[in-house]
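# Breakdown of the fold
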Amino acid sequence: MDLNTVAEVVSPAGVGQWRPGDAWLAGGTALFGEPRPAVRRLLDLAAAGWAPLTAGEHSLEIAATCTVAQLAAYAPPPRFEALRAITRGCCHAFLASFKIWNVATVGGNLCAALPAGPMIALTAGLDGECLLLAPDGSERRVPVSAFVTGNGATVLADGELLRSIDLPARALTGVATFRQGSLHTHGRSAALLVGRRDVDGRFTLTVTGSTWRPYALTFPSMPAAETLQVALTGTIPADGYVDDVHGLPAWRRHLTRTYAEEIRRELSS
């Protein structure tokens, strides 16, 4: 999509340069996906030179500008087994060509906030935390599960920037698995669930794809099948399931409950 209202591109750009009519530009696959007549200027983040992935003792930092290709090719430390288990699967849930992989960014996928966004599933499923920078230089941190609030909606304020996503080591060192389903072989995800069991036995199930926003259910130990199903019913409201051409709410709810039990059984073994 040609953004024919854009009169200027600032590259590289950073905190403090934003003004009304600006839009942050990373990969641009979402930004250029539809008309945006209010945008007058683009602030280029890709040229900022942020390291795409930085592994530390206590966390893994994923820069907002990290591309899908860079994430998929990343060889994490052996102890980050949960990350290794779901990364490529979530990347392939894009069902996109290598051209998109080389341009689309992790941060852009989160900020687009589409229900089927696989980077939302990956980072929320690993207890990711977003670092947000305001135009005045102040910072705040928000869990990924709370960052996305609805279809195309996030907690970002005007001019606020998603700088990075931190994945804590305790979530990366357990075991994890995922399930993804769609109406067609090459269709948009109608349900995308991530399950994780930490080394202390805690079990977390993250539901995306089938719902308008991510939902994370955490248990101190592996729940019984009925307990998990009751928790899903109590956590996700009836109108929380997506209703569009890619699947009816009742079918998405069925997929969610089926995949949740498959994940529970797999991680129980």
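One structure accompanies this document, and this report is about it. Values in this document were obtained by computation on a predicted structure and should not be read as measured data.

### Observations regarding the packing of helix 8 (residues 225-235) against helix 9 (residues 249-268)
Where helix 8 contacts helix 9, the axes come no closer than 10 Å and their chain directions differ by 145 degrees. The way helix 8 lies across helix 9 gives a crossing that is right-handed. Residues Ala 225, Leu 228, Gln 229, Leu 232 and Thr 233 of helix 8 form the contact with helix 9, whose participating residues are Arg 253, Thr 256, Arg 257, Ala 260, Glu 261 and Arg 264. Here the contact of helix 8 with helix 9 is composed, by residue class, of four nonpolar, three polar and four charged.

### Examining the pattern of salt bridges
Taken as a whole, this structure holds 18 salt bridges when the rule is applied. Note that Arg 170 is salt-bridged to Asp 198, the shortest N-O span being 3.9 Å. Pair noted here: Arg 170 is in helix 7 (residues 169-172) and Asp 198 is in the loop between strand 12 (191-197) and strand 13 (203-208), with a separation of 28 residues, a long-range link. Taking the relative accessible area as the measure of exposure, Arg 170 reaches 40% and is therefore partly exposed. By relative accessible area, which is 6% here, Asp 198 ends up buried. Measuring nitrogen to oxygen at the nearest pair gives 2.8 Å for the salt bridge that ties Arg 179 to Glu 266.

### Remarks on the packing of helix 2 (residues 81-92) against helix 5 (residues 118-125)
It is the contact of helix 2 with helix 5, at a shortest axis distance of 9 Å, that shows an interaxial angle of 170 degrees. Taken together, helix 2 and helix 5 sit at an angle that is classed as roughly antiparallel. Helix 2 and helix 5 meet at a crossing whose hand is right-handed. Side by side, helix 2 and helix 5 meet where Leu 83, Ile 86, Thr 87, Cys 90 and Cys 91 of the first sit next to Pro 118, Met 119 and Leu 122 of the second. Here the residues of the contact of helix 2 with helix 5 sort into seven nonpolar, one polar and no charged.

Conventions and cut-offs
Residues numbered from 1 in each chain as written. Predicted model: local features only at pLDDT ≥ 70, side-chain atom pairs only at ≥ 80, totals over all residues. Heavy atoms only, no water. Axes fitted to C-alpha atoms, helices over the stretch in contact; angles between N-to-C directions. Helix = DSSP H or I, 4+ residues; strand = E, 2+ residues; numbered from the N terminus. Left-handed = near helix turned anticlockwise from the far one by under 90°. Contact = heavy atoms within 4.5 Å. Nonpolar A, V, L, I, M, F, W, Y, C, P; charged D, E, K, R; others polar. Salt bridge = Lys/Arg side-chain N within 4 Å of Asp/Glu carboxyl O. Buried < 20%, exposed > 50% of the residue type's maximum accessible area, 1.4 Å probe, protein only. Parallel < 35°, antiparallel > 145°, perpendicular 65-115°, else oblique.

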